[in-house]
Amino acid sequence: MEYIESKSGLTFSRMSLGCMNLPVEDDIKTEEIIEYALSQNINYFDTADLYQYGENEAVIGKILNRYRSRYNFLTGTKVGNEFDKTLKKKIGWNPGRKYIKTQVKESLRRLEIDHIDLYQLHGGTIEDDKEETVLAFEELKSEGLIRSYGISSIRPNVIDFYNKNSNIDTLMLQLNPLDNRPVELLEDLKDIVILARGPLMQGLFTGRHEAHLKEKFPDGILNYSQMDLHGIFDTLARQHDDLTALSFKYLIDKGAVIVNGVSSLKQLEDNMDSFKKAASMTNEDSRLLDELFKKEKYEDHRL
Ligand SMILES: NC(=O)c1ccc[n+]([C@@H]2O[C@H](COP(=O)([O-])OP(=O)(O)OC[C@H]3O[C@@H](n4cnc5c(N)ncnc54)[C@H](OP(=O)(O)O)[C@@H]3O)[C@@H](O)[C@H]2O)c1
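Labelled according to an unreviewed UniProt entry, the protein appears under the name Aryl-alcohol dehydrogenase-like predicted oxidoreductase, originating from Salinicoccus kekensis.

Comments concerning the UniProt feature "domain: NADP-dependent oxidoreductase" (unreviewed entry) in the protein
Annotation from UniProt places "domain: NADP-dependent oxidoreductase" (unreviewed entry) at residues 15-291. Secondary structure within residues 15-291 divides into 44% helix and 18% strand; the distance between the first and last C-alpha atoms comes to 26 Å.

A few points about the pairing of strand β11 (residues 193-197)
Within β11, four of the five residues are buried, which leaves the element mostly enclosed by the surrounding structure. One ladder, built from five bridges, connects strand β10 (residues 170-174) with β11; its direction is parallel. Opposite Leu171, over in β11, you have Ile194 as the bridge partner.

Focus: the environment of Gly92
Structurally, the position occupied by Gly92 is in strand β7 (residues 89-93). For the pair Gly92 and Asn81, spaced eleven residues apart in sequence, the C-alpha separation works out to 5.9 Å. Those residues in contact with Gly92, other than ones at most four positions away along the chain, are Gly80, Asn81 and Glu82.

Section: the side chain of Lys101
Here Lys101 lies in helix α3 (residues 97-111). The exposure class of Lys101 is buried, given its relative accessible area of 18%. In terms of polar contacts, Lys101 uses its side chain to reach the side chain of Glu139, at 2.7 Å. In this structure, Lys101 is in contact with Ala136, Glu139, Leu140 and Glu143, ignoring residues within four places of it in sequence.

Overview of the pattern of salt bridges
Across all of its chains, the model carries 19 salt bridges by this definition. Here Glu106 ties to Arg109 by a salt bridge, and the two come within 2.7 Å at their closest N and O atoms. With Glu106 and Arg109 both in helix α3, this residue pair falls three residues apart, about one helical turn. Where salt bridges share partners, they join Arg97, Lys101, Glu139 and Glu143 into one cluster.

The rules we used
Residues numbered from 1 in each chain as written. Predicted model: local features only at pLDDT ≥ 70, side-chain atom pairs only at ≥ 80, totals over all residues. Heavy atoms only, no water. UniProt positions renumbered as here; feature names shortened; annotations may be inferred. Helix = DSSP H or I, 4+ residues; strand = E, 2+ residues; numbered from the N terminus. Buried < 20%, exposed > 50% of the residue type's maximum accessible area, 1.4 Å probe, protein only. Pairing = 2+ DSSP bridges. Contact = heavy atoms within 4.5 Å. Polar contact = N/O pair within 3.5 Å; in protein donor to acceptor, adjacent residues only side chain to side chain. Salt bridge = Lys/Arg side-chain N within 4 Å of Asp/Glu carboxyl O.

Written out as structure tokens, the structure is:
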């Protein structure tokens, strides 16, 4: 496993585990996935207060604590979305200092830890009082409740603000060969670790691309219709037997940490096999991606 160090000293494994889609209603299945991830030297576990309205943090926190004496790993969570856990509903957006400083205690309690390695703002708009948000994160760092902070955003104007006016260590955004909109921004973000969420575009870059396409993208996505995507993924699959490895190779070349989301142990096992294959792929293997996918950019929230 290759590791990437952030400017404030967090060391991320190139492949990490996104915990959003873990089967947290089943502790045993979730533990099998986490235990396998640790055995594969995955060391970053990404969750959020919002996932299953607090339940995701609680389940993965309890499981991870059982492995703390055997493995070194980082836990990242997120804040900013107000939610009602009884109604199981998101109810608002709050990047305020008071809210963040209250919610960090809730996340620490659910995760059963005394500090969070990476605390991320879970979204945000240019209209937010961003200086106040930065102040909250800096205070939490000084108080020792978090080691580092980052943002999850797909808004160029918001990303630019935090890049220039804060000590963010990480930026999470969706990145894969199809959703390549962030690529134009990467040059300016060289000292920030990019956490690539959606690395398999909800399963399109897998052997089950037909099924995922039908189920999840009935109206297509970005500038592609469902019909376009059928054509593209058919062509890809005819020329490559492992679309997952192809997407991982693309992300490794971009220097990103892959935040791999899975809902079963089998998916993670398959993805780790593909990850190992990706390391030995050449640029020739990924050339087709440039031919098949348009170079996109974010249309809204630009500077
Ligand atoms: N705004 C944010 O901050 C934000 C938003 C989204 C995600 N995230 C983070 O990023 C992580 C990854 O995002 P994501 O879940 O959207 O990633 P993704 O790579 O786009 O999709 C993951 C899904 O792809 C399918 N899949 C994965 N491996 C597969 C395999 N080998 N065979 C068949 N299907 C496979 C599964 O779908 P099925 O479960 O349907 O089988 C899995 O749940 C999340 O866990 C979370 O930590 C953050």
